[in-house]
Amino acid sequence: MAQNNLAEAFPAHKPIKRHVPDLKEGTLHKAKAVVIPKSLPFSKFEKILMTFCGIILTGLMIFVISGKISLSGAEHELSSSQEQVTKVTSNNSNLKQEVNQLSSRSRLNKIAKQYGLSLTTQNIRNVDK
């Protein structure tokens, strides 16, 4: 609604007619040649600076790549070491369980009866360190 009032506030202007003079061939001026400046050559300092930065950048890229390669190798060694630790731990628990089974009291009594041995509690002495 505010736009309608605004449109009515300004009266319409009539377009202004301008007179364009007739141009004759003699009155035209030739266009000037535009000179495009050539790029400036690099100075000795700029060349040395770019070379130095390029060498530094290449060195950093090689450093990052070698670091990633060594990290990958270390991760591989770690996983293989963890696998070996898991195998040894499993083997140890199996062996402990076998020792407990072989040294059980009932098994020892059974073997003792097989060879004619008997258990006398009078001959047993407990030694504490």
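These figures come from a predicted structure and were not determined experimentally.

Reading guide: rules and limits
- Residues numbered from 1 in each chain as written.
- Predicted model: local features only at pLDDT ≥ 70, side-chain atom pairs only at ≥ 80, totals over all residues.
- Heavy atoms only, no water.
- Helix = DSSP H or I, 4+ residues; strand = E, 2+ residues; numbered from the N terminus.
- Areas by Shrake-Rupley, 256 points an atom, 1.4 Å probe, with all protein chains shown as cover.
- Salt bridge = Lys/Arg side-chain N within 4 Å of Asp/Glu carboxyl O.
- Buried < 20%, exposed > 50% of the residue type's maximum accessible area, 1.4 Å probe, protein only.
- Patch = residues over 30% accessible without salt bridge, like charges linked within 9 Å, V, L, I, M, F, W, Y side chains within 5 Å.
- Polar contact = N/O pair within 3.5 Å; in protein donor to acceptor, adjacent residues only side chain to side chain.

Undergrad: Honestly, the overall build of the chain in this entry has me stumped. Any pointers?
TA: Along the backbone of the chain there are three helices and zero strands. The linear arrangement of helices and strands in the chain, starting from the amino end, is α-α-α. Looking at the chain as shown, the accessible area adds up to about 14100 Å², and 62% of this sits on carbon and sulfur atoms.

Undergrad: So what exactly am I meant to see when it comes to the pattern of salt bridges here?
TA: Two side chains that carry opposite charge are able to pair once their charged atoms sit near each other. Under the counting rule described, the total for this entry stands at one salt bridge. The residue K87 makes a salt bridge to E83 at a minimum N-O spacing of 3.6 Å. Of this pair, K87 and E83 are both found in helix 2 (residues 44–102), four residues apart, which corresponds to roughly one turn of the helix. Taking relative accessible area as the criterion, E83 reaches 47% and is therefore assigned partly exposed.

Undergrad: I tried to follow helix 3 (residues 105–114) on my own but got confused; where do I start?
TA: Within helix 3, only zero of the 10 residues are buried, which leaves the element largely exposed. Immediately beyond the C-terminal end of helix 3, within one or two residues, lies G116, with a positive phi of roughly 75 degrees.

Undergrad: Can you walk me through a nonpolar patch on the surface in this structure?
TA: On the surface, F52, I56 and L60 cluster together to form a nonpolar patch covering roughly 300 Å² of accessible area. Relative to the elements of secondary structure, I56 occurs in helix 2.

Undergrad: Help me understand the environment of E46 in this model?
TA: Here E46 is to be found in helix 2. There is a polar contact of 3.0 Å between the side chain of E46 and the backbone nitrogen of S43.

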